[in-house]
Structure formats: C-alpha cells, structure tokens
Amino acid sequence: MKAQFKEMEERMNKTIGSLEKEYRSINAGRANPAILERISVDYYGVPTPIQQMAAVNVADARTLTIQPWDKSSMKLITKAIQASDIGINPTDDGSVIRLNFPAPTEERRKELCKKVSKQGEEAKVAVRNIRRDTVDKLKAMKKANEITEDELKDGEKQVQDITDKFIKNIDQMVKDKENEVLSI
C-alpha cells in the first residue's frame, strides 16, 4: 500500500507542477520570461525555443528584452511572437526585440481570473482522477487478498486525506494567482 501512496503523491505533485507552469505563462501585465516558453521559432527547419536562440531579460516591470545571438534570426523571432497567442506586438531596433506589456483592463483581469479558475478546476479534476485510480488499485489488492478489509478502509481514508491536502493546495494557488492578477 505504501507504494500506491508514494505513486499517488508523485502523480499529484506532477499535477501541481503543471499548474504552476501554466500560471507562470499567464500574461498578467508584468514582464515575465516564462510567457515565451511555449513559443518556438522555425530556425533552419527546426522548431527552437526562443530561450535557446537569445538572451531574454526583464528590463523593467513591463518590458522584456530579447537579444538574439544570431542577428539574422531577429525577423524569425518577431514573426513567431506575432503568430503566438500572447497578444503583444514586438518592436525591434535592429539589435534588441522589446515586448511592452500594457496594464490589463478590468475586462482582461476578469478574463484572466476565469482562466486561472478554470485551470485550477482542471488540476483538481486531475487530482480526483488520481485518487479514484489509487482507490481502485487498493480495491483490487483487497480482491486479490493482499490486504484486509480494515487495511482497505484505512487506505481509503489515507488516500482521501492526501487528496484533500492537494485540493487545498490548488485552491490556495488559484486564490494567490487571482489576487496577483487583480492587484495589477
């Protein structure tokens, strides 16, 4: 049973990690290099992340600078950013590409809060699915007479306690991210 609990916690931690990565990539009006993680540039026929082609820096709270190591890739990087869903038009001065993040409108903040909430809900569903899988495995162990009825009940309670801890963690992450979005 301990192996089941360990596997369950590892899977739930991966879910939390995935949610954190999603939240880092949300454009909340602040310059954040993580926004560029999902963008790939077609560089000599190979999709290449921007971070592998250029130095990405935060110039100030609302400006990201991208300085390509190969100046001939500037147009490619600019096109990839324009084609992405981040909604920011890059400007380039010949040596540096700048992304200026405007302060989000009230409507955009509400939209971002909905997105944050939706992603949190999806993470909770994933955690609950992991709980269901683990309980099913425990029941299979009971059926195969590997554990007793009492051990099954104790195991189910422990699974629920672990699940509750992760759900509470996700709720806190959602609340924190919503507060961050609304405070801009």
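Summarised in this report is the structure supplied together with it. What you see is a predicted model, and the numbers here were worked out from it, not measured in a lab.

1. Observations concerning the side chain of Thr78
Relative to the elements of secondary structure, Thr78 occurs in helix α2 (residues 74-83). Taking relative accessible area as the criterion, Thr78 reaches 10% and is therefore assigned buried. At 2.9 Å, the side chain of Thr78 forms a polar contact with the backbone oxygen of Met74. Leaving out residues up to four positions away in the same chain, Thr78 has contacts with Pro90, Asp92 and Ile97.

2. Describing the sheet that holds strand β3 (residues 54-60)
By definition, the strands of a sheet pair up through backbone hydrogen bonds, in either a parallel or an antiparallel sense. Reading across the sheet, the four strands line up as β3-β4-β6-β5 and stay open at both edges, with antiparallel pairing between neighbours. Strand pairing shows two members of the sheet lacking a second neighbour, β3 and β5 (91-92), which therefore form its edges. Looking at chain direction, β3 and strand β4 (residues 63-68) are connected through six bridges and run antiparallel. If you follow Asp60 over to β4, its bridge partner there is Thr63.

3. With respect to the pairing of β4
Of all the six residues making up β4, five are buried; the element is thus mostly covered by neighbouring parts of the structure. As consecutive antiparallel partners, β3 and β4 are separated by two residues. Note: β4 against strand β6 (residues 97-100), four bridges, orientation antiparallel. The partner of Thr63 across the bridge, within β6, is Asn100.

4. Things to note about the pairing of strand β1 (residues 40-43)
Consecutive side chains along a regular strand alternate between the two faces of the sheet. Bridging between β1 and strand β2 (residues 46-49) involves four bridges; their strand directions are antiparallel. Counterpart to Asp42 in the pairing with β2 is Pro47. The loop that links β1 with its antiparallel partner β2 comprises two residues; one of these, Tyr44, has a positive phi angle of about 55°.

5. A word on the environment of Lys175
Looking at where Lys175 falls in the secondary structure, it is placed in helix α4 (residues 149-182). Of the residues examined, Lys175 reaches a relative accessible area of 48% and is grouped as partly exposed. Sequence separation between Lys175 and Asn129 is 46 residues, and the spatial gap between their C-alpha atoms is 22 Å.

6. Looking at the packing of helix α1 (residues 2-24) against α4
It is at 11 Å that the axes of α1 and α4 come closest, and there the two elements cross at 10°. When the axes of α1 and α4 are compared, the pair comes out roughly parallel. Residue-level contacts link Phe5, Met8, Glu9, Met12, Asn13, Ile16, Leu19, Glu20 and Tyr23 of α1 to Gly155, Gln158, Val159, Ile162, Thr163, Lys165, Phe166, Asn169, Ile170, Met173, Val174 and Lys177 of α4.

The rules behind these values
Residues numbered from 1 in each chain as written. Predicted model: local features only at pLDDT ≥ 70, side-chain atom pairs only at ≥ 80, totals over all residues. Heavy atoms only, no water. Helix = DSSP H or I, 4+ residues; strand = E, 2+ residues; numbered from the N terminus. Buried < 20%, exposed > 50% of the residue type's maximum accessible area, 1.4 Å probe, protein only. Polar contact = N/O pair within 3.5 Å; in protein donor to acceptor, adjacent residues only side chain to side chain. Contact = heavy atoms within 4.5 Å. Pairing = 2+ DSSP bridges. Axes fitted to C-alpha atoms, helices over the stretch in contact; angles between N-to-C directions. Parallel < 35°, antiparallel > 145°, perpendicular 65-115°, else oblique.

All quantities given are derived from atomic positions and should not be read as evidence of function.
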